Every structure is written in C-alpha cells, then in structure tokens.
Amino acid sequence: MSGLKNSPFGKRLRGTDEDSPRKNRTRFTPAFGVAPGSTPSLDSRPSTSEGATPESPERGVHRDYGDRFVPNRDAGDMRTSYHLMDGGTPSTPSKNRMIPTESDALKEQANAIFNSILHTEVTPSSPQRPGSPVRQPAASTSTLPTTPTRRRLFAFNSPSRSNPATPSRRLDMPTDEAYSLSPVRAESRHLLESPRRQLRSVCKTPYRVLDAPELADDFYLNLVDWSSTNVLGVGLGACVYLWTAHTAQVSKLCDLGNVQDTISSVSWVQKGTSLAVGTLSGRLHIYDASTLQLTRTYERAHTQRIGALSWNSHVLSSGSRDRMIHHRDVREPGTRPFKKSQGHRQEVCGLRWSGDGGPQAASLASGGNDNKVCIWDLRGSKRQGGLATPGRTGNVPGSSSATEDGDTPLWKFHEHTAAVKALAWDPHVSGILATGGGTADKHIRFWNVQNGTMLSELDTGSQVCNLTWSLTSHEIVSTHGFSSTTAQNQICIWKYPSLDMVASLTGHTHRVLYLAMSPDGETIVTGAGDETLRFWNAFPKKENHEARRESRLDYGRLIR
C-alpha cells in the first residue's frame, strides 16, 4: 500500500482530493459545514477534524428514520387542536366583507355546508353508549384534560403501546359507524340528505346591450331614468334620447347644442310623462315626452350645474353645485322656488323623495360631496325627543337652530367618509333609507329616519355609485366603481336585512355610474363610462295574488 501512495497515480489522486473543495467553492452550502479556507460561520458547534467526512453523523444525536410517517392521534386531542388552528387568525366580521370576483348565493350556501361537514368530521360529538350497566372503577386515576400547546393535528410518532384501548361493547350495535359503508359520519349524511332552500337564480349576462355614445363618465351626474310609462330617458352630451321598451323605438327629445349647454341630470315624474332635465349652466327644463314638446324652462334655476333631481308629485326638487336645494311647484306660473334648503357645504350630488309621490311621501334625502346625508321634511315637522345623538344633528324641539319653515334638516348623518350620491328608500318598510359612500368610504349604511339610528352597515370594498330597492323582493341593488380589490365595476344584489350576496353581475369595463329600474320591477338598466347601457333580468315577476282569488259574483263559474 505504501508503494501505491508514493506512486504517481496516488499523488494525482491526493491532489484531486485537495483541489476539489476549491473547484466546487461556488456550490458550497453552509448547512453542510465550513469549507476549508472560507469565512467561519456563526454556528457555535465545534468544527470537525480534517479526516471527518461530511456524511458522518453528529455525535450524541439519535434519530429514527423510516420509510413512511403514520399519523398518530393518541398524542393529543384532535378537537382542541382543530379549534386552536381556527383561532390562530381572527375571523373577518360580516361588515368588512369584500366583494369577490365571482360570488353568488349558491356558492355561499355550498361553502356553508362544506364548513359544517368539516366541523362535524373533525370535531365529532361524544359517542352515546348503550344503556347497559357499566361497572364504575373504584378509583379514578385519570387526570383532567389540558389544552395542548402545539397546534398540529397529527403527531408523526410511533403509537403508544403502554395504554392499550379497553375493549368496548359498542360493536354489538348493528347501527355502529364501524359497519357503515359511507365515508362520512351519520350527522354529515343527514346534513347532505336534508332538503335545502331553493335559491333564486340570476342570469349573469345582460339580455340587451345598447350603445350610448357621449355618456359622461362623471360620478356627480344622473343621466339615466326609467318612467312609469316604460320609457327610458338618457342624457348623452347635449341631447336627451327616449327609448321605448316595448317597441325599442328611439326618439330625440331635445338638443341643447345650439345654446352651448350640456345635460347633467334627468328625472321622470312618478306618474306621468313629464321629464325634468338639468344642465351644466344651471338651467332647468321640463318636457312632455308624449308630445316631445318643451312645457316650461327655468333659466336661472341655479347658479351652477344641476346634478340631482327628484319629483314628489307636482313638486320638483333640484340639487346643484352651488350647495342649494330648490323646491318648485311646477303648477305655479312663477319661476322662483317656494322653498330653499341649505344643509351641505359642498355640491349636492344625490336627491331622493320617499314613496311614490303620494300623500305619505313627506321625507326628502339628500347626499353631498361633504360626506353628509340630510333628511328634510318640508311640512316643518320636528323629530321626536331632545336627546343629542353622537354623529347626528337636527332641528331638535326648543333648539335655536330650528326654523319654522323647515330649512333645517330633520336629521343629519355624519358617518360616511366620502361623497354620498347613492340614496334609496325601502318600498317595503316605511322610514328605512339606504345610503352609499364613494371611493374613500365604500360602505352601504341603512338608517331608520324615524328615530335617527343606523341599523346596519356593509363594507363593499368598492366605490358605491348607485342604489335601488327591488319592488318584488326585499333586496337591494348596488353598482360599483373604483375598488381596493380585484373586483371592479360590478352590479351586486344583496338580501336585506341579512346582507347576504344574492348575485354579482359583471360586464362593464368602467365604473357603473347610472342605474334605473323598470316599472314592473323585473329589469334593471346600468350605464357606465364605457358608453354602453346593459339590461339585466335581476328580479322575479311580482306575484299577483288578487288574480288568483275567485269572486263569488262570477256566476259564469257556477254554470255547468
């Protein structure tokens, strides 16, 4: 052997072993020790000797290696470990939910069932033993259960053989789970086989799309409205067009290009063919859509653009950038408003009267760019009680700010943190108002204007551009724009008061700024900055219970 070491082959072999760390220095991994000549690592363990190889195991450490790992559930409580894993991250409250890209009631129901089955399988209930007499032990040596500190479900160790399981008589029962052919427990089978509530299906694609050139991409304008006579009015640039739903016929109502003016808002009267048109210069026009004729004009209705209009029978209310709300009786020959309301410090971008123009429609809601919501009562009514509510002000009886002509708002809500354009009164419950905030707020809030309290709120994760209630079901539609999540430009349908999402409709490529509902309550139309109008079948048909009733005076049914 000595001759082999001193031979040229042995010297070449020893030279290769000495040069190999230098050649492979770039491939060195610190986890396998320190290379010769390199910077010492921060590891406090002593370095190995020259003759030690990297494959040699460390002294004093005993490890068991096997070909597989078998989970062992005897080392801990599975139920407690499952709850510890769930408790690691706090659950998100319902008010902070975000709009998903694709979400509807069917997926939410499936997720709820899956979570229930998972909870049942991982944390089963304690088994019920049969009613046979069981011998009680003389002295209990078991200790009280303790909460494990680790959060692993499985312990990858060898099963314990010191405490073998005591044989039980549960296998004598023919209904025992050991004889079941189902992969899940009896509770899970019962949950899967139980009948579920049939959810309403909403079509995710619009049944009609119309081009709307020059449809302004401006959050503060209201350019789309649907009349009770089934005619859609749209403001495009300096023109107003009428689209008849049952014939799909398009008519041009007016063109203000000759006076260098632009349409800023349109609004139909609740019952009739009168259409109010506001402009950027502050003019207010009223047209008769049946004859396409101009009935009257208010030249100096406001000093700046009119972005919001709302009718209450023969009373027309207009909100402007000049921060004023004017109320006019269109039957009077004069042009001056009979009442003015000033409650906002910036532009008024939302107006909505409650009801359908009847005698009960006495409340007017206004939203402004100052993030405030005002509730007005032109009859001069004052809210009940004199207790001050944080974040809410109004004409409290006996206060010095209250005026007899009702110029002070009945309520003023300060909770929103962005411009409030979206306003909608609940047609099913009196006194319920829904409001939506802009980009910095993203919330939909529900108010009881009778006592000035906020009922609930919903964080949508997107700019709320418009709101409207369904006439056939207790649901509300919201349209969205800028978003902090991946979901943008959506139309969402929410169930009230649970605020569960029924459907999410997508298709617009710009923020959905305009929203209107057909008079039958089945169809909604949305407009966006992508210059399109999309029609959606959002709600079911209204059930006609009166038609099902059989009249006792119908003698034709008695003839045989």
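Everything below is about the structure printed above this text.
Residues numbered from 1 in each chain as written. Predicted model: local features only at pLDDT ≥ 70, side-chain atom pairs only at ≥ 80, totals over all residues. Heavy atoms only, no water.

Draft legend 1. Quick look at unusual backbone geometry. With an omega of 10 degrees, the peptide bond between tyrosine 496 and proline 497 qualifies as cis. Among the structural elements, proline 497 can be located in the loop between strand 25 (491–495) and strand 26 (500–505). Unlike most non-glycine residues, asparagine 489 shows phi in positive territory, near 55 degrees. Checked against the element boundaries, asparagine 489 lands in the loop between strand 24 (475–483) and strand 25. Positive phi is not limited to glycine here, since glutamate 531 has a value of about 60 degrees. Mapped onto the fold, glutamate 531 is located in the loop between strand 28 (523–528) and strand 29 (532–537). (Helix = DSSP H or I, 4+ residues; strand = E, 2+ residues; numbered from the N terminus.)

Draft legend 2. Geometry of the pattern of salt bridges. Under the counting rule described, the total for this entry stands at 12 salt bridges. Measuring nitrogen to oxygen at the nearest pair gives 3.9 Å for the salt bridge that ties glutamate 121 to arginine 185. In this pair, glutamate 121 sits in helix 4 (residues 105–122) while arginine 185 sits in the loop between helix 4 and helix 5 (186–193), placing the two residues 64 residues apart along the sequence. Given the relative accessible area of 23%, glutamate 121 is considered partly exposed. Note on arginine 185: relative accessible area 24%, which makes it partly exposed. Across the pair arginine 283 and aspartate 261 runs a salt bridge, and its minimum N-O distance is 3.1 Å. Here arginine 283, found in the loop between strand 7 (274–279) and strand 8 (284–288), pairs with aspartate 261, found in the loop between strand 5 (249–255) and strand 6 (263–268); they are 22 residues apart in sequence, far enough to count as distant. When its relative accessible area of 24% is taken as the criterion, arginine 283 is described as partly exposed. Each of Asp218, Arg305, Arg321 and Glu347 takes part in salt bridges that share partners, so that together they form one network. (Salt bridge = Lys/Arg side-chain N within 4 Å of Asp/Glu carboxyl O. Buried < 20%, exposed > 50% of the residue type's maximum accessible area, 1.4 Å probe, protein only.)

Draft legend 3. Region of interest: the nonpolar core. In this structure, Leu215, Val224, Leu232, Val240, Leu275, Val525 and Leu533 are the most contacted members of the largest nonpolar core, which totals 33 residues. Counting only elements with at least two residues in this core, the list comes to strand 2 (224–226), strand 3 (231–236), strand 4 (239–244), strand 5, strand 6, strand 7, strand 27 (512–517) and strand 29. Looking at this core element by element, the count peaks at four residues for strand 3. Excluding residues that lie within four positions of it along the chain, leucine 533 makes contacts with Arg208, Val209, Leu210, Ala212, Leu215, Val224, Leu232, Val234, Val525, Thr526 and Gly527. With 16 residues, the next largest nonpolar core counts Ile432, Tyr496, Leu499 and Met501 among its residues. (Core = buried A, V, L, I, M, F, W, Y, C linked by side-chain atoms within 4.5 Å. Contact = heavy atoms within 4.5 Å.)

Draft legend 4. Representation of the sheet that holds strand 4. Reading across the sheet, the four strands line up as 2-3-4-5 and stay open at both edges, with antiparallel pairing between neighbours. Looking along the sheet, the strands with just one partner apiece sit at the ends: strand 2 and strand 5. Sheet twist, expressed as the average angle between the axes of neighbouring strands with direction ignored, equals 20 degrees. Bridge count for strand 2 against strand 3 is three bridges, and the pairing is antiparallel. Directly across from valine 224, in strand 3, lies its bridge partner valine 234. (Pairing = 2+ DSSP bridges. Axes fitted to C-alpha atoms, helices over the stretch in contact; angles between N-to-C directions.)

Draft legend 5. View of the pairing of strand 16 (residues 373–377). Within strand 16, five of the five residues are buried, leaving the element largely enclosed by the surrounding structure. The alternating pattern of strand 16 places Val373, Ile375 and Asp377 and Cys374 and Trp376 on opposite faces, both of which are buried. Summarising the sheet, strand 15 (residues 363–368) and strand 16 pair through five bridges and their orientation is antiparallel. Residue pairing for strand 16: leucine 364 is matched across the bridge by tryptophan 376. Linking strand 15 back to strand 16 in an antiparallel pair, the connection comprises four residues, with asparagine 371 at a positive phi of about 70 degrees. As paired elements, strand 16 and strand 18 (residues 411–413) share three bridges and run antiparallel to each other. When the bridges of strand 18 are listed, isoleucine 375 appears paired with tryptophan 411.

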